[in-house]
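Breakdown of the fold
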Amino acid sequence: MNLEEQVKLDNIADTDHEIFALLKQRYSPRTFKNEKIKKRHLLQLFEAVRWSASSNNLQPWRIIYAEKDTEAYQLIFNCLSDFNQTWADNAPLLMLTAYKEKKDNGDENFHALHDLGLCMGSMTVQAQYMGIGLHHMAGVNWKKAQDVFDVPNGFHITTAVAAGYYGGKLDKLPEDLQKQETSKRERMPYKQFAFKEAWSNNKK
Ligand SMILES: Cc1cc2nc3c(=O)[nH]c(=O)nc-3n(C[C@H](O)[C@H](O)[C@H](O)COP(=O)(O)O)c2cc1C
């Protein structure tokens, strides 16, 4: 097996119960194929976001995206944490996500962050369908990003996202991250978050 195949195949989730293949195959890569995302695939990613559910259909999500070798890509990259800067420029596409904080009547939209997460979930599954991996990042200086991109008041930058086709070379990563890329993926058992009929006593 060559390195590219290894990156693709070694991260399939070891599930307790069978799940939808796209969910099982998904993981957050830090190395990507050296290939631009096709325009039609990019449009499909945004189409998946468009048709996501949102509270009152307010669609509070906003996304800034930029392809590699553009000034905007570099600007997004410069907002990433030091750690994320060690790998994120392997991605041919970087994004910033944001949500609109208020409803049109001025009330806080408590569910806006939920809806942003939900639409990015839709984008993640659509991406997987096309062989594209997304790597969501909290490690972004959101205040700097708001400033650099002149984001208007009332919108809150939330994450950065690196995106590209799976199949990147492992040697594009520092050694410790090469290990992580193919290491065993762990999850808590469902009983720790899904409580039958009453809140669980488990304080974790
Ligand atoms: C909102 C969010 C923020 C994240 N922030 C970072 C980050 O800043 N840097 C990073 O390398 N990974 C980040 N991740 C990736 C997680 O570490 C990863 O999803 C988790 O370890 C599970 O691995 P998997 O996605 O490969 O299943 C983030 C994921 C999410 C959903």
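Note that the structure is predicted; figures quoted are calculated from it, not measured.

**Quick look at the sheet that holds strand S4 (residues 155–165)**
Pairing is antiparallel across the open sheet formed by four strands, whose spatial order is S1-S2-S4-S3. Lying at the two open borders of the sheet, with one neighbouring strand each, are strand S1 (61–67) and strand S3 (132–137). Strand-to-strand twist across the sheet, computed as the mean angle between neighbouring axes with direction ignored, equals 25°. Pairing of S1 with strand S2 (residues 93–100), which is carried by seven bridges, proceeds in the antiparallel orientation. Following the sheet pairing, Arg-62 is matched in S2 by Ala-98. Against the sheet, helix H4 (residues 71–79) contacts S1 and S2, and its axis sits at roughly 70° relative to S2.

**Points about the packing of aromatic side chains**
Tallied over the full model, the rule gives three aromatic pairs. Relative to Tyr-166, the ring of Tyr-27 has its centre 5.2 Å away and its plane inclined at 35°; by these criteria the two rings are tilted. With Tyr-27 in the loop between helix H2 (21–25) and helix H3 (39–50) and Tyr-166 in the loop between S4 and helix H8 (175–182), this residue pair connects regions lying 139 residues apart in the sequence. Accessibility classification places Tyr-27 together with Tyr-166 in one group, the buried group. Lying over the aromatic face of Trp-87, Arg-30 brings its terminal NZ or CZ to 5.6 Å of the ring centre.

**A closer look at the UniProt feature "domain: Nitroreductase" (unreviewed entry) in the protein chain**
The UniProt entry lists residues 23–71 and 81–165 under the feature "domain: Nitroreductase" (unreviewed entry), expressed in the numbering used here. Along residues 23–71, the helical share is 33% and the strand share 14%, with 33 Å between the first and last C-alpha atoms. The straight-line gap between the two end C-alpha atoms of residues 81–165 is 23 Å; of that span, 34% is helix and 29% is strand.

Rules behind the numbers
Residues numbered from 1 in each chain as written. Predicted model: local features only at pLDDT ≥ 70, side-chain atom pairs only at ≥ 80, totals over all residues. Heavy atoms only, no water. Pairing = 2+ DSSP bridges. Helix = DSSP H or I, 4+ residues; strand = E, 2+ residues; numbered from the N terminus. Axes fitted to C-alpha atoms, helices over the stretch in contact; angles between N-to-C directions. Contact = heavy atoms within 4.5 Å. Phe/Tyr/Trp six-rings, centres within 6.5 Å; stacked < 30°, edge-to-face > 60°. Buried < 20%, exposed > 50% of the residue type's maximum accessible area, 1.4 Å probe, protein only. Lys NZ or Arg CZ within 6 Å of the ring centre and 35° of its normal. UniProt positions renumbered as here; feature names shortened; annotations may be inferred.

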